[in-house]
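Here's the letter readout for the chains.
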Amino acid sequence: MSAPASIAVDKGGRRYDGELLWLVVFAVLLGAAMLGGICLGRLSIAPSQVFDSITRWAGGASAETLEERIVLLVRAPRVLMGALAGMGLAMAGAALQGLFRNPLVSPDILGITAGAAFGGALAILLGESSMVLIGSAFAFGVLALLLVGFISRVDGRSDTMTVVLAGVVVAAMFTALVSFVQFVADPDSTLPAIVAWLMGSFASITWFRVGIATLPIVIGALGLMLLRFRINLLSLGEDEARSFGIRVERERWILFLLVALISGGVVSVSGIVGWVGLVIPHAARLLVGPDHRILVPASGLLGGAYMVAIDTVARNATAAEIPLGVLTAAIGAPIFAILLRRMYYTESRR
Amino acid sequence: MIGLRAAGVRFGERWIFRRLDFAPDAGRCVAVLGPNGRGKTTLIRSLLGFLALNEGDRSAPPVVGYVPQASAATVSYRARDVVTMGRVARRGLFATPSRDDRDAADRALTRVGLSALARQRFDLLSGGERQLVLLARALATDAGVLILDEPASALDLRNQDRFLGVVDRLKAEGRHTIVFSTHLPQHASAVADDALMLYGAEDHIFGPVGKVLNEDNLGRLYGIPVRIVEVEAAAGGRMVSGVIPVFGASVPA
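Residues numbered from 1 in each chain as written. Chains lettered and ligands numbered in written order. Predicted model: local features only at pLDDT ≥ 70, side-chain atom pairs only at ≥ 80, totals over all residues. Heavy atoms only, no water.

Asker: Is there a simple way to think about the overall build of chain B in this case?
Answerer: Secondary structure summary: chain B contains eight helices and 11 strands in total. Projected onto its principal axes, the C-alpha coordinates of chain B cover approximately 60 × 50 × 35 Å. Counting the 253 residues in chain B, one finds 52% classified as buried. Counting only contacts in chain B whose residues sit at least 6 apart along the sequence, the fraction spanning at least 24 positions is 64%. Carbon and sulfur atoms provide 50% of the accessible area of chain B, an area that totals close to 11,100 Å². Separation of charge centres in chain B, based on 32 positive and 27 negative side chains, amounts to 5 Å. (Helix = DSSP H or I, 4+ residues; strand = E, 2+ residues; numbered from the N terminus. Buried < 20%, exposed > 50% of the residue type's maximum accessible area, 1.4 Å probe, protein only. Contact = heavy atoms within 4.5 Å. Areas by Shrake-Rupley, 256 points an atom, 1.4 Å probe, with all protein chains shown as cover. Lys, Arg positive; Asp, Glu negative; His and termini not counted. Charge placed at Lys NZ, Arg CZ, Asp CG, Glu CD.)

Asker: How should I be thinking about the sheet that holds strand β8 (residues 194-200) of chain B in this particular structure?
Answerer: Note: strands within a sheet are paired through backbone hydrogen bonds, in either parallel or antiparallel orientation. Residues and elements named next belong to chain B. If you trace the six strands from one edge of the open sheet to the other, you get β5-β6-β7-β3-β8-β9, paired in mixed fashion. Since the sheet does not close on itself, it has two edges, and those belong to β5 (65-67) and β9 (203-208), each with one partner. The mean angle between the axes of side-by-side strands here comes to 15°, regardless of whether they run parallel or antiparallel. The pairing of strand β3 (residues 29-33) with β8 spans four bridges and is parallel. Note on β8: the bridge partner recorded for alanine 31 is alanine 195. The strands touched by helix α1 (residues 40-48) are β3, β5, β6 (145-148), β7 (177-182) and β8; relative to β7, the strand with the most contacts, the crossing angle is about 155°. (Pairing = 2+ DSSP bridges. Axes fitted to C-alpha atoms, helices over the stretch in contact; angles between N-to-C directions.)

Asker: Help me understand the packing of aromatic side chains in this model?
Answerer: The geometry of two aromatic rings is summed up by the distance between their centres and the angle between their planes. Residues and elements named next belong to chain A. All told, the structure shown has nine aromatic pairs over all chains when counted by the stated rule. Centroid distance phenylalanine 100 to phenylalanine 256: 5.7 Å. Interplanar angle 15°. Geometry classified as stacked. Of this pair, phenylalanine 100 sits in helix α3 (residues 66-100) while phenylalanine 256 sits in helix α11 (residues 248-270), and the two are 156 residues apart along the sequence. The exposure class of phenylalanine 100 is buried, given its relative accessible area of 8%. The class for phenylalanine 256 is buried, based on a relative accessible area of 1%. One aromatic cluster is present, formed by Phe100, Trp253 and Phe256 through successive ring pairs. (Phe/Tyr/Trp six-rings, centres within 6.5 Å; stacked < 30°, edge-to-face > 60°.)

Asker: How should I be thinking about the pattern of salt bridges in this particular structure?
Answerer: Side chains that differ in charge, positive against negative, can pair when their charged atoms come close. A complete count under the given rule lists 27 salt bridges over all chains for this structure. When the shortest N-O distance is used, the salt bridge between Glu68(A) and Arg56(A) registers 2.9 Å. Here the residue Glu68(A) occupies a position in helix α3, and Arg56(A) occupies one in helix α2 (residues 47-58), the gap between them amounting to 12 residues. Between Arg45(B) and Asp239(A) there is a salt bridge, with its nearest N and O atoms 2.5 Å apart. With Arg45(B) in helix α1 and Asp239(A) in helix α10 (residues 238-243), this pair bridges two chains. The structure contains a network of salt bridges with shared partners spanning Arg87(B), Arg91(B), Asp101(B) and Asp142(B). (Salt bridge = Lys/Arg side-chain N within 4 Å of Asp/Glu carboxyl O.)

Asker: Please explain the sheet that holds strand β2 (residues 14-22) of chain B as it appears in this structure.
Answerer: All names here are of chain B. Reading across the sheet, the three strands line up as β2-β1-β4 and stay open at both edges, with antiparallel pairing between neighbours. The sheet is open, and its two edges are formed by β2 and β4 (55-59), each paired on a single side. Within this sheet the neighbouring strands show an average axis-to-axis angle of 25°, counted without direction. Where strand β1 (residues 3-11) meets β2, five bridges bridge the pair, whose relative direction is antiparallel. Among the inter-strand pairings, valine 9 is bridged to a residue of β2, identified as phenylalanine 17.

Asker: Mind showing me how you'd approach helix α5 (residues 157-173) of chain B here?
Answerer: Residues and elements named next belong to chain B. Relative to the 24 Å expected for 17 residues at 1.5 Å per residue, α5 spans 24 Å between its end C-alpha atoms, a close match to the ideal helical length. Close packing links the buried residues of α5 with β3, α3 (99-111), α4 (127-140), β6, β7 and α6 (185-191). Just downstream of α5, glycine 174 is the residue with a positive phi angle, here 75°. (Expected span 1.5 Å × (residues − 1).)

Asker: What exactly am I supposed to notice about the packing of α4(B) against α5(B) here?
Answerer: All names here are of chain B. At a closest axis distance of 9 Å, the pairing of α4 and α5 adopts a crossing angle of 15°. Classified by the angle their axes make, α4 and α5 are roughly parallel. The hand of the α4/α5 crossing is right-handed. Contacts between α4 and α5 involve Gly128, Glu129, Gln131, Leu132, Leu135 and Leu139 from the first element and Asn159, Arg162, Phe163, Val166, Val167 and Leu170 from the second. (Parallel < 35°, antiparallel > 145°, perpendicular 65-115°, else oblique. Left-handed = near helix turned anticlockwise from the far one by under 90°.)

Put into structure tokens, the structure is as follows:
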């Protein structure tokens, strides 16, 4: 990583106003995306029917008609999972970008995603159940974080740069292991399953899986919400934060752990869904400014809306479902390129 | 109170400083002088506790107001928010700024003469204004000790005067012990009560500016002749002393 890249955003004026309005807008977007996600599909269902099904279900009735079964058993868990995953990844990305004072950082940077990918691929290779897959993905994600912590700890402390480099090393190692798993996998059965899982999808989401992923994601997201002003303080850099009496390293690891909970939870049920944690905080920062008190929740709402919308497109654009990871990268990378150019353009003009 | 006793820091085999006793009296303003690479920044960082001592002891209050050479913060927070942050940190992990904090931040900005800029973006302020905001942030922590790492080094003359003027006023109020490092002996002579001069790893002197800031000591410190002259600040005005380095001696003709 080069010099502490500025994550300044020029808003034309010099004041931040109307951030709260943006939160409302993002929340409405999220609601609309979720409703759209439930309505749209091979069998389109009218919003009124969706509300009916949900109120009947909330009243204790079970799904009866085909439409109700689609709404309650297929699309609702899927949309909810998409919202949770997008929210968690975007909040994690916002936290990490603040922490590293670098806008190019995302949850992938700590090697967690690569570790979880290996855990999942290994479980598929060994023909284990989806329960084991989730557990294994999560465990290897946390293991990757612990390895990063161990490698980067020199002389009893670790600085930001070493953590990033250790993350790159650990990610490279686990990526190589994933390749090895693919190399030894059976090209007729397990290899396609591994490849499909790695590309990311919410296709096999059930209420049971939503339940499993919710706990770590919600704990991580709540933690980030509670600590969001702390991220402002840590974003001033190690020396300045320490001069305020903050135990910088300890608090950084608390935040890393929250991020690991989120990305481990997401990867374990939906495979690798990249770019959301990188692009969404950027977009949110352009609109609401850099203060993490607003930026973290704004990223969460926008990330949830984005993920649900993308997943709906992935289901409906073609006859066969497009892998989610492919779409998020295909859309995320160009958006990111545009944001990056705009950012450096305004900076060089300052 | 802040201080070092029999302190030493080394990088590898090389001692940056050693057997250093440094304990400014409460309410004094101390300048740390020394050539490049002589350990001014290392000393400042040790005083702040950013750098562990290899020997000796450090004593310091729990919170010390710190003004870096230039803030690492390139983030576009508002000036008032930057000042507020110094107060909130020690109230615990989940603390967020209260109305009290904002009022205290505004008072601190007023003390450094920047009340009009409270809502401006920090990263768009001039270098001199940014340094003053950082000084306000240090003041807003309510710390009794302020440590300033070459705070005015990158500023032009007008902004040096602005910054030193604020330091001088703080000194006059007498509620803060101030330690600042600088390459410019003129800054020491303008606002400091005492000076710590770093000649070598184990060779340092610490005393009142009027006594230690003389031509011999400064000449030995920087390795070039230095003259000190007394001039009237304005025709018939108060006398100020000027520290004049005599350039041209280092490279033989």
